[in-house]
Amino acid sequence: MDMTGMAAGGSGGGVDVVAIVLRIAVLLPTTVLAGLGIARPAVRSVARPTTSVAWLAALIAATADLVSIPVIGASVPFVVAQAVLTVALPVLLRWPTLAAINGIVLALLLVAEYAASGSGAVLAVDVLYLAAVLAWLGLAALSLAKTPTWRPAGDRLRLTASVAAAILVLAGIGYLVLSGLAFDSRLYGTGYGIALLAALVLALLVAGVAVRTPRDHHNARAYQFGALGVLLSFLVCGTLVALPKPAPAPVAGTPVLARVSLSGKDVPVLVTPGRPGVNLVHFPDGAGTGISVSVGSGPPVDAVAQPGAEGTWARLRLPAGEDQLVVRRGTGQGTVDLNTGVNPGPTAASGVDGPECASAALGDLVAGQHDPLASCPADALDPSDAQALADLVGFLKSRHTAGITVTGDSSPRSTRAAALVRQTAAADQLPVTSTAGADSALVVVSGWSAATGQLSTVLTEQASSVSYGYGVYLAPWLLNPPVVRSIASSLLPLRFDPRVATSLSYSVAVQNTFGGENATPDGYYRWLAAQGQPPPDGGVQVYATAQVDAMPMDGPDMADMSQPYPGQWIPGGTIVPVSAVLGRPSA
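Here's what I pulled together on the structure shown here. Remember, it's a predicted structure, so these values are computed and weren't measured experimentally.

1. Observations regarding the packing of helix α10 (residues 354-366) against helix α16 (residues 521-530)
Next, step 1: For the pair α10 and α16, interaxial distance at closest approach is 7 Å and the crossing angle is 25°. It follows that α10 is roughly parallel to α16 by the angle criterion. Judged by the sense of rotation from one axis to the other, the crossing of α10 with α16 is right-handed. Counted together, Glu356, Ser359, Ala360, Ala361, Gly363, Asp364 and Val366 of α10 and Asp522, Gly523, Arg526, Trp527 and Ala530 of α16 form the full contact between these two elements.

Below you can see the structure in the form of structure tokens.
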């Protein structure tokens, strides 16, 4: 039961204690009044203690209602209407029918507040829970007289109390099931789970009171004892809105995206491949430095920068099955639940090309998918990337480039890509040389790490001599800020436009989900696939990147390109098309 109908005030992940106190101060006495009004026809007359309780509840609720307007910005018409109805209820207790109508209206207002916090099954459980609380508290308030003059028979009242108690128990079970914590260690290992358990236990105690209620309808003490459990249950459920919901349980053998709190700072954590063996633990640049990780009794491993990748990374061996990753910085410490399953993951996921593999997995996770990481981008040359590189060679031929130099690494993708470029160049009678010239071009088909080193060397060479006058060209998968920034300018053959709304949406989603991390092509493709969207099919164009901050405002499906703009793939830089759509003639 979230009880979020009233504005809570504040922002971010913190809890507004004042808002929580005001919410309880409004809802608890209002619930008592609504239950009392609805149950009023059950007695012939109302005793003075009951009237006193009604006036006290009305005073508390009305005061909290009015205070909530300036303090947390609650809706004025809603609050005023609720305050008037709460004050009117004690007056109307003289007339059973009017009191019941007033109680029903108050109950509907309470349902409206609950409705703002959920839908479907959650709303149904909330409403059932509220109905049971209203019934029991109403009977308890009326039973404050020494000898209440009940209109119905005692058995009917006992039946009403028993049904209300049963509903409380069912609602408690419903909250457990809908929370996703049932039969989970998070149920007893987190404050949220303990609160859910406490609410269920209290409901069971109330049910026990109802079962043992004497048939003598003049004995009303049982309702009062039960009311104490109902009130405590209501308060416990009310604290749920102030408690952080536990992160979802990890899916066995899949990458893990979680958050930990280190010295009051919320820090995203990415673990890939989430399988037994060596894994990469990644933190974004925004998390800062000085973070270490460990698991079990193993020593802590520092998270450090990796060439060509953003943020920091730690290589850590994880055992099979369930465990906890411990994240530390200084005196701050947080934990991440793990379930690595039993099968090892792809070797490349923890190797030199692991950061790119992690960025691909992040695309799935941002889309809400938790699929096993069966392979990494560097394991094979994607057919679309192969076509882009072949089209690139044709583009260089059309520019009358004197020759090209190809640099790669030992990964399967790079080996195949380098061979493809050389074969295509030979077919086009375009010389492939090993030396840089003023009228030649460089084509880099390495992974992120190797490419960063190669480009840094080229940048140094270009500072003292003219080389690669026809440009430095990067494979499509090298569209990553740390790689692109390692040289003043570069060109890439891409099959999507990084400036259009769809690609910017992904970039913004990654930045929002993972501490400002920038988007990468493989993550983008997996994000599209996870949402059932086809891959980009607009053809290959050559895009130029440069470390300048300017962007033309034309082009289809463009978002607002005022600088700086959200989701920029090369923050602080520029990426623009410099060719028409490329294409090679069919054989």
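2. What about the packing of aromatic side chains?
Next, step 1: By the definition in use, this model includes nine aromatic pairs.
Next, step 2: Relative to Tyr524, the ring of Tyr506 has its centre 5.8 Å away and its plane inclined at 35°; by these criteria the two rings are tilted. With Tyr506 in helix α15 (residues 501-513) and Tyr524 in helix α16, the pair connects residues that are 18 residues apart, well separated along the chain.
Next, step 3: Judged by relative accessible area, which is 3%, Tyr524 ranks as buried.
Next, step 4: The lysine or arginine in question, Arg495, covers the ring of Tyr525, its NZ or CZ lying 3.9 Å from the ring centre.

3. Describing empty space enclosed by the protein
Next, step 1: Inspection of the entire model under this criterion finds two cavities of 30 Å³ or more.
Next, step 2: The calculated volume of the largest cavity comes to roughly 110 Å³.
Next, step 3: Taken together, 16 residues line the largest cavity, and the ones lying closest to its centre are Ser359, Trp448, Glu517, Asn518 and Thr520.
Next, step 4: Looking at the lining of the largest cavity, the elements with two or more residues in it are α10 and α15.
Next, step 5: The element that contributes the greatest number of residues to the lining of the largest cavity is α10, accounting for four residues.
Next, step 6: Among the residues forming the lining of the largest cavity, the class breakdown is nine nonpolar, five polar and two charged.
Next, step 7: Approximately 30 Å³ is the volume attributed to the second largest cavity.
Next, step 8: Around the second largest cavity sit Pro255, Ala361, Asp364, Leu365, Gln369, His370, Asp371, Leu373 and Arg526, which together line it.
Next, step 9: Top element by residues in the lining of the second largest cavity is α10. It accounts for three residues.
Next, step 10: Residue composition of the lining of the second largest cavity, by class: four nonpolar, two polar and three charged.

Conventions and cut-offs
- Residues numbered from 1 in each chain as written.
- Predicted model: local features only at pLDDT ≥ 70, side-chain atom pairs only at ≥ 80, totals over all residues.
- Heavy atoms only, no water.
- Axes fitted to C-alpha atoms, helices over the stretch in contact; angles between N-to-C directions.
- Helix = DSSP H or I, 4+ residues; strand = E, 2+ residues; numbered from the N terminus.
- Parallel < 35°, antiparallel > 145°, perpendicular 65-115°, else oblique.
- Left-handed = near helix turned anticlockwise from the far one by under 90°.
- Contact = heavy atoms within 4.5 Å.
- Phe/Tyr/Trp six-rings, centres within 6.5 Å; stacked < 30°, edge-to-face > 60°.
- Buried < 20%, exposed > 50% of the residue type's maximum accessible area, 1.4 Å probe, protein only.
- Lys NZ or Arg CZ within 6 Å of the ring centre and 35° of its normal.
- 1 Å grid on protein atoms, 1.4 Å probe; cavity = no way out; pocket = protein on both sides within 12 Å on 5 of 7 lines; lining within 4 Å.
- Points joined across faces, edges and corners; volume = space filled by probe spheres on them.
- Nonpolar A, V, L, I, M, F, W, Y, C, P; charged D, E, K, R; others polar.

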